[in-house]
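Structural characterization, general
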Amino acid sequence: MKEKRPKKKPTKKSGQWGLVLMGGGARGLAHIGVIEVLLENGLVPSVITGTSMGALVGGLFATGYLPREIEDLANQFNNTKLAKLRRSSIPIPDKLLDFLMFESYQKRLSHRLGLEKSGSFDKILKALVGDILIEDLPFRFGCNAVNLVTGKEVNFTNGPLYRALRASLSYPFVIEPARFARGVLIDGGLLNNVPIKLARQLGASKVLVPDVHRRLKRIPAGSIDSAVAMMDRLIQVILTESTESKLQGADLIININSEVDTFDFSKIKKLVNLGKRVTQSNLKNIKKMIRQAA
């Protein structure tokens, strides 16, 4: 795939607004629809930050991919047979099915990008964005990860974009951690699923957050019946806290309520359209926020 090249890097100045894209797995694909409506209305953020899927969507957009192109890439993840299994009465555990679907998605995308069968996730990301450095993007961009060695959040605002995305996307027990010289990095959403503070550090005076997270619901005690189920529930508890405790820092939140499972990529069009509808219905408030940032 031909590498996307930025045309011009904007200078940093105050009075600009940022778009913060949280993680959420497949639900994060709603961010594609958000960006599409913003562009249609001439509303282009000066700053973009994100974590996990939000980092990927924001990073691809920052390198020059249009929303339709990002949606097309997402559609390479769809696997009809596995999607049908999810809807069938065959007793396959949801988390096992999620894992099988994700493995299938990686193989399909590797094939589309012309990578060898054993192409790693790193190679997929590098094929998508090339060797471009974050500091050379036409937007001020940042994403985060968690360093398991130090237990601290790590922010990426320079260096190779593909490596930063690789770290931010390392969802526990699904994508292998990213290994750097001084750390072992995983999904940034575990400590901060809404990197608002980072957007402000990059110059955003106002911040818009499309909220795609699912509220944590009470579940039957009997459903936590294995180590896998326990770890999954623990991750969901942590992600909920790292989202809801950070949202209060936003200037404007648009709620994109979706109950789609984290790894269910069979509803891509539905998610993108949902993002578009919610953004369209909130345009008046978004424009008001942007005027206040000017």
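Scroll up a little and you will see the structure.
Residues numbered from 1 in each chain as written. Predicted model: local features only at pLDDT ≥ 70, side-chain atom pairs only at ≥ 80, totals over all residues. Heavy atoms only, no water.

**A word on the side chain of T243**
- Looking at where T243 falls in the secondary structure, it is placed in helix α9 (residues 227-244).
- Side-chain polar atoms of T243 contact the side chain of N193, separated by 2.9 Å.
- Non-local contacts of T243, meaning those with residues more than four positions away in its chain, are made with M22, N193, V194 and H213. (Helix = DSSP H or I, 4+ residues; strand = E, 2+ residues; numbered from the N terminus. Polar contact = N/O pair within 3.5 Å; in protein donor to acceptor, adjacent residues only side chain to side chain. Contact = heavy atoms within 4.5 Å.)

**Section: a positive patch on the surface**
- Taken together, the side chains of K284, K287, K288 and R291 define a basic patch exposed on the protein surface.
- The topology assignment puts K284 in helix α11 (residues 283-293).
- With relative accessibility at 73%, the residue K284 sits in the exposed group. (Patch = residues over 30% accessible without salt bridge, like charges linked within 9 Å, V, L, I, M, F, W, Y side chains within 5 Å. Areas by Shrake-Rupley, 256 points an atom, 1.4 Å probe, with all protein chains shown as cover. Salt bridge = Lys/Arg side-chain N within 4 Å of Asp/Glu carboxyl O. Lys, Arg positive; Asp, Glu negative; His and termini not counted. Charge placed at Lys NZ, Arg CZ, Asp CG, Glu CD. Buried < 20%, exposed > 50% of the residue type's maximum accessible area, 1.4 Å probe, protein only.)

**Regarding the pattern of salt bridges**
- What the rule picks out here adds up to 10 salt bridges.
- Between D251 and R200 there is a salt bridge, with its nearest N and O atoms 2.8 Å apart. Separated by 51 residues along the polypeptide, D251 in the loop between α9 and β8 (252-255) and R200 in helix α8 (residues 196-201) bring together distant segments of the chain.
- D251 sits in the partly exposed class, given a relative accessible area of 34%.
- Classification of R200 as partly exposed rests on a relative accessible area of 32%.

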